[in-house]
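So the chains spell out like this:
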Amino acid sequence: MSKWLQAGDYAETSKRFLALLLEEFFRKFVKQVTGQEKSLYGVLENMARKGKETNASRSKSRKLKVTTTFNGTRVNPETGGSITNLFADNFTPEAFTYGVLEGMALELYQMYQIIRTGTYIQVTRMIGSGNGLRKNPVLCEIIEEIFGIKLILAEYDEEAATGAAISSTLLKSIERAK
């Protein structure tokens, strides 16, 4: 059995949705205040980093917790997301941004735990792909901490396009062999 964990399209789509949701949340606020609409991904990365650093010094009971099932789950589509452990000292955009990233990573870890329970596979290496990870070092760090394993990013950018090209080549080879 494989000892590699590869998060598939569902995980990537979920990460992309949450990143867009988070960025849109802050972008709408900035537009209301300034009248300008611009991408905030760089700002969110800085806020996530600061949120991570601040969170490290908090006790577990004082850490903001974000459950990121904003569109439900496959098993229970009616389950919503939540924010708990909200206190005056962690009611910050930085803690919220970090909390969303940590919630995403915890959701992936919970999926892994279900797979592990059913298959008894113990992962020794983890491969990630997609811009949700490639462009978000804080998310990569959080995933490594939660899983306790080094995360290796795929060698090539635009993994979906690379995979489609490889699949197309294989299909042509199979058709020629007929």
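Shown above is the structure to which this text applies.
What counts as what
- The residue count restarts for each chain, going from 1 along the sequence in the order it is written.
- In view of the model being predicted, local features appear only for residues whose pLDDT reaches at least 70, and side-chain atom pairs are presented and counted only at 80 or more, with totals across whole chains, interfaces and linings using the full set of residues.
- Working from all heavy atoms in the structure, the side-chain values ignore hydrogens and water.
- By definition, any uninterrupted DSSP run of H or I lasting at least four residues is a helix, any uninterrupted run of E lasting at least two residues is a strand, and each is numbered from the N terminus.
- The classification of residues rests on relative accessible area computed with a 1.4 Å probe and restricted to protein chains. Under 20% of the type maximum is buried, over 50% is exposed, and intermediate values are partly exposed.
- Residue contacts are defined here by distance: any two heavy atoms, one from each residue, within 4.5 Å place the two residues in contact.
- Computed with a 1.4 Å probe, the accessible areas rest on the Shrake-Rupley method; for each residue, only the protein chains presented here act as cover.
- Axis lines are fitted to C-alpha atoms, over the contacting stretch for helices. Their N-to-C directions set the angle, which ranges from 0 to 180 degrees.
- Asp, Glu, Lys and Arg are counted as charged, while Ala, Val, Leu, Ile, Met, Phe, Trp, Tyr, Cys and Pro are counted as nonpolar; the rest, among them Gly, fall into the polar class.
- Among buried residues, the Ala, Val, Leu, Ile, Met, Phe, Trp, Tyr and Cys ones that are joined through side-chain atoms within 4.5 Å form a nonpolar core.

A. Looking closely at the overall build of the chain. Looking only at helices and strands, the chain has 6 helices and 5 strands in total. Along the chain direction, N to C, the helices and strands of the chain fall in the order β-α-α-β-β-α-β-α-α-β-α. Counting only residues that meet the buried cut, the chain has 30% of its 178 residues in that class. In the chain, of all internal contacts separated by at least 6 residues, the share reaching a separation of at least 24 is 67%. Carbon and sulfur atoms form 58% of the exposed surface of the chain, whose accessible area is close to 11600 Å².

B. Looking closely at the packing of helix α2 (residues 41–56) against helix α5 (residues 137–147). Put simply, α2 and α5 touch, their axes get as near as 9 Å, and they point 35° apart. Residues E45, A48, R49 and K52 of α2 touch α5, and the partners they reach there are P137, V138, E141 and E145. In terms of residue class, the contact of α2 with α5 is made up of 3 nonpolar, no polar and 5 charged.

C. Layout of the nonpolar core. One finds F26, F96, L101, I143 and F147 to be the most contacted residues of the largest nonpolar core, which totals 28 residues. Listing elements by their share of this core, those giving two or more residues are α1 (9–34), α2, α3 (93–119) and α5. Looking at this core, the element that brings in the most residues is α3, giving 9 residues.

On their own, these measurements won't tell you what the molecule is for.
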